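An overview of the molecular structure
Below are the chains, spelled out letter by letter.
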Amino acid sequence: MLLRQQPRSCTNSTDTGLTAFPRSSRVARWTQDPGACGVTCGPHQWASSDLGLRAAPSTSTPRASRPTNLLLRAATAALAPTSSPVLDVGELDAGSAVLQWACQGWEGPELDDDEDGPAGPDSSTSSSSGGSSSSGGAQLRLAVGVRDLGGGRGRGLVALRDVAPGETLLSVSMERVFCSEPESELHWSAEMGLRLLKARHASQQQQQQQQQQQQHKLQGRKVAAVDWGVWIRSLPAAVRTPLEYGEAELGTLDRYTAAEVAAMQQCVQDCFEALQPELEALGCGWADFMWAVQVFHSRCFFEPTSGRHMTVPGVDMANHTHTPTAGVRIVHPMSQGWDATAEIAEPPPPEPSRFTLVAGEAGIRCGEEVTISYGTWPSEAFLLLFGFVPSPCPGEALTLFRDAEEVVCWCMDQQHGGRSGGEGQREEEEEDDDDEEEEAEARIATALEQVAAALSAPQLAADTEAAAVDLADFTNLVVTPQGVDGRLEPLLAAAAAAVRGQGETAAPAAGMPAAEARQLLVARLRERAAEFGDGVGGVGGAGLHEPAVAAFRASKRAVAEAALNSLTGAAA
Ligand SMILES: C[S@@+](CC[C@H](N)C(=O)[O-])C[C@H]1O[C@@H](n2cnc3c(N)ncnc32)[C@H](O)[C@@H]1O
């Protein structure tokens, strides 16, 4: 999620992004290769670098947007609000109750003077969702409510009246934002998931006690808000992301994405095993843990400065569009003057920072959905974390090769009749005896040296100061809706020439005509497009019934076909 920094007169603000980040231990990561570029999912360092997924390199395929690194004066979130004021949640549905609970302590929406209704806490009897409750207690008259939207989107936020551009819709104290602990050894979502289950357990116990008290008429109709209980009750009962996929669905994914899902599933399994005693003490099993982990995968922001993942009650009801009607911002109270006051008198405790949902520049019409952008990512990021693929998906990118070695292996395959896609020969040779394996590795290493020399040659000839090309820079070779990664053709030309044994330092153009390199590119694109074609359906095609999988395949197929059209059109 990408937030624009919009400082206000008495606040510092910050942008935020959804994401995940790689850690070193087995239970802390689900990928061996965290990826090179970083942004937010938001994109920050490509939140998806956590997934090993990569955004298109900026050199050849500029991103539509990158998350700004925020000047965040890190708000230290206390994880459990200490004393919760009495809140009557009995009269509100869970969606509405969570908006009220989340915005506790906020002075209220900023309404124009000529606008109807009070600007601030309201104790009227309107019962609109997200608005005020009918049974007393200071309730905010919020401009948004929670609605069931259907169409696979679940619930979402809807404007209950016309909203002015830039108006704050929700404002959540950082004390009520559920944050990850960056120092944890566990994968962030497992760590947060465990704490969510602990909070749910504590909340359930407290509720039972309150019910008993009520039976004994020790307490009236009011139900004291229970730490995270109001938020937890607003969470979806079931969340489905690829963590739940079985063989059928995995069989419908391309091998890069299937490998990411498998690594992710293994990581969560490892985390579960590590946490099993603690989970059992809470009465929780695998299903509870999977639910909790997926809650965070699908509802987290990532704040790059502090490295924390944040789930924001209420704001987590906002769905994604790439043309959002709202954005998010962290607002810090101004500390100026606090120190001076402290010298002469005991100052009041500083206000916590607040996570806000703010209407976009066009404002929002009554009844319109309030959406935010989760980021401009390739479809696998949406699929893996959120369990859906948006259409359109402007950040789409189709990986043709992960690195230069894969290009060389693929060229070797092509030379031997194109028996398989990319790693075929390498895998085949791995099954042979050790000698052959060593021989194959030596051939690949030699070819890679030749490729590096060939790619460096023009550069070194033109500039004596230039450094030789480093093949480590040739990773994540993709096509996007904006075009083909500019590194692909020279790399393919050099690799094919090296595989054919055409000289150690031949420049790519000399080693292989551009048209031939383009043919290789087209061949590889066709191969990748076929992986998403109609004929591929995994085990009996059963996985294709999963709507997110179908959307993912359609999105990848579209980008491949567009690239093929432009390449073959240009060649004609
Ligand atoms: C942050 S939650 C948003 C609230 C959620 N709809 C609910 O009912 O709780 C993110 C989840 O909402 C759904 N979602 C959000 N935007 C969507 C979209 N554009 N299309 C389909 N599903 C979407 C996905 O299930 C995603 O994992």
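About the criteria used
Residue numbers run consecutively from 1 along every chain, following the written order of its sequence. A pLDDT threshold of at least 70 governs which residues receive local features in this predicted model, and a stricter bar of 80 or more applies before side-chain atom pairs are shown or counted, although totals over entire chains, interfaces and linings include all residues. Only hydrogens and water are set aside; all other atoms, that is, all heavy atoms of the structure, feed into the side-chain values. Only DSSP runs of H or I covering at least 4 residues are called helices, and only runs of E covering at least 2 are called strands; the numbering of each starts at the N terminus. Contacts are residue-level and defined by heavy atoms, with any inter-residue pair within 4.5 Å sufficient. Only the protein chains shown count as cover for residues, and all accessible areas are computed by the Shrake-Rupley method using a 1.4 Å probe. Strands are treated as partners if at least two bridges between them are detected by DSSP. Nearness of a residue to a molecule or strand requires only that one of the residue's heavy atoms be within 4 Å of it. Polar contacts, as used here, are pairs of N or O atoms within 3.5 Å; protein pairs need one atom able to donate a hydrogen and one able to accept it. Residues neighboring in sequence count only if both atoms are side-chain atoms. Residue-level confidence of the predictor, termed pLDDT, takes values from 0 up to 100. Patch membership needs two things, relative accessible area over 30% and no salt bridge, and members are linked within 9 Å if like-charged or within 5 Å if nonpolar (Val, Leu, Ile, Met, Phe, Trp, Tyr). The rule for a salt bridge is simple: a side-chain nitrogen of Lys or Arg has to be within 4 Å of a carboxyl oxygen of Asp or Glu. Charged residues are defined here as Lys and Arg on the positive side and Asp and Glu on the negative side; His and the ends of the chain fall outside this count. A single reference atom marks each charge: NZ on Lys, CZ on Arg, CG on Asp, CD on Glu. Think of it in three bands: with a 1.4 Å probe and only protein chains considered, a residue is buried below 20% of the maximum accessible area for its type, exposed above 50%, and partly exposed in between. Expected span of a helix, by definition, is 1.5 Å for each gap between consecutive residues, and there is one gap fewer than residues. Bend, at a single residue, is the angle you get between axes fitted to the 7 residues ending at that residue and the 7 residues starting at it. We call Phe, Tyr and Trp rings a pair once their centres come within 6.5 Å, taking the six-membered ring for Trp, and we label the pair stacked below 30 degrees between planes, edge-to-face above 60, and tilted otherwise. For a lysine, the NZ atom is tested; for an arginine, the CZ atom; a charge sits over a ring if that atom is within 6 Å of the ring centre and within 35 degrees of the ring normal. A pair of sulfur atoms, both from cysteines and within 2.5 Å, is called a disulfide here.

Per an unreviewed UniProt entry, the chain goes by SET domain-containing protein and derives from Chlamydomonas reinhardtii.

What follows concerns the overall build of the chain. On a plain count of helices and strands, the chain comes out with 16 helices and 18 strands. At a minimum sequence separation of 6, the contacts of the chain that also span at least 24 residues come to 72%. In the structure as shown, the chain presents an accessible area of about 24,700 Å², 50% of it carried by carbon and sulfur atoms.

Before going further, it helps to spend a moment on the sheet that holds strand β17 (residues 475–480). Read from one edge of the open sheet, three strands run β16-β17-β18, paired in antiparallel fashion. Taken across any chain shown, the strands that pair with only one partner, and hence form the sheet edges, are β16 (398–403) and β18 (483–484).

The ligand sits among 14 residues. The nearest are R153, R155, N319, H320 and F386. Contacts to the ligand include R155, whose backbone N or O atom sits 2.7 Å from a nitrogen atom. With the chains in place, 85% of the 560 Å² that the ligand exposes on its own is no longer accessible. Looking at the shell around the ligand, the elements that each hand over two or more residues are α7 (286–299) and β12 (319–320).

Parts of the model with low pLDDT should not have their predicted coordinates read in detail. Mean pLDDT over the chain works out to 76, with 69% of the residues at or above the 70 mark. In this model, residues 1–25 is a region of pLDDT below 50 whose contacts with residues beyond four sequence positions or in other chains number 119 contacts. Counting interchain partners and residues more than four positions distant, the pLDDT-below-50 stretch residues 219–226 has 25 contacts.

Turning next to a negative patch on the surface. A surface patch of negative charge is lined by D433, D434, D435, E436, E438 and E441. One can find D435 in helix α12 (residues 434–462). Relative accessible area serves as the criterion here: at 58%, D435 is assigned to the exposed category.

A few words now on helix α6 (residues 255–281). The end-to-end C-alpha separation of α6 is 38 Å, in line with the 39 Å expected for 27 residues at 1.5 Å each. At L275, α6 shows its maximal kink, close to 65 degrees; a proline, P277, follows between one and four residues later. A positive phi of about 75 degrees marks G283, the residue just after α6.

Turning our attention to the pattern of salt bridges. A complete count under the given rule lists 21 salt bridges for this structure. Among the salt bridges present, the one from K556 reaches E380, with a minimum N-O distance of 2.4 Å. Of this pair, K556 sits in helix α16 (residues 547–571) while E380 sits in helix α9 (residues 379–386), placing them 176 residues apart in sequence. Here the two residues K556 and E380 agree in accessibility, since each one is buried. Among the salt bridges present, the one from E489 reaches R518, with a minimum N-O distance of 2.9 Å.

With that settled, the discussion passes to the sheet that holds strand β9 (residues 178–179). Spatially, β9-β11-β10 is the arrangement adopted by the three strands of the open sheet, whose pairing is antiparallel. Here the strands that pair on one side only, and so sit at the sheet edges, are β9 and β10 (301–303). Bridging between β9 and strand β11 (residues 308–311) involves two bridges; their strand directions are antiparallel. Within β11, the position partnered with C179 by the bridge is M310.

Before going further, it helps to examine the packing of aromatic side chains. Inspection of every chain in the model, using the stated rule, returns 16 aromatic pairs. Seen in terms of ring centroids, W228 and W231 are 5.9 Å apart; in terms of plane orientation they differ by 70 degrees. Their pairing is edge-to-face. Measuring from centroid to centroid gives 4.7 Å for Y374 and F386, while their planes differ by 40 degrees, and the two rings are tilted. Of this pair, Y374 sits in the loop between β15 (369–372) and α9 while F386 sits in helix α9; the two residues are twelve residues apart in sequence, bridging distant segments of the chain. Pairwise contacts between aromatic rings join W101, F178, W228, W231 and F296 into one cluster. Here the guanidinium or amino end of R255 rests over the ring plane of Y256, the centre of that ring lying 4.8 Å away. In this structure, R524 packs its charged tip against the face of F401, placed 4.6 Å from the ring centre.

Taken as a whole and assessed by the stated rule, the structure comprises zero disulfides. Looking at the unpaired C271, the closest cysteine sulfur is the one in C267, lying at 4.3 Å. Note on C271: relative accessible area 1%, which makes it buried. C409 takes part in no disulfide bond, and the closest cysteine sulfur to it belongs to C411, at a distance of 9.3 Å. Of the residues examined, C409 reaches a relative accessible area of 1% and is grouped as buried.

Moving on, we get to the pairing of strand β6 (residues 144–148). Summarising the sheet, β6 and strand β7 (residues 155–159) pair through five bridges and their orientation is antiparallel. Each residue of the ladder has a partner; that of G145, found in β7, is V158. Where β6 hands over to β7, the hairpin turn is made up of six residues, of which G150 adopts a positive phi near 70 degrees.

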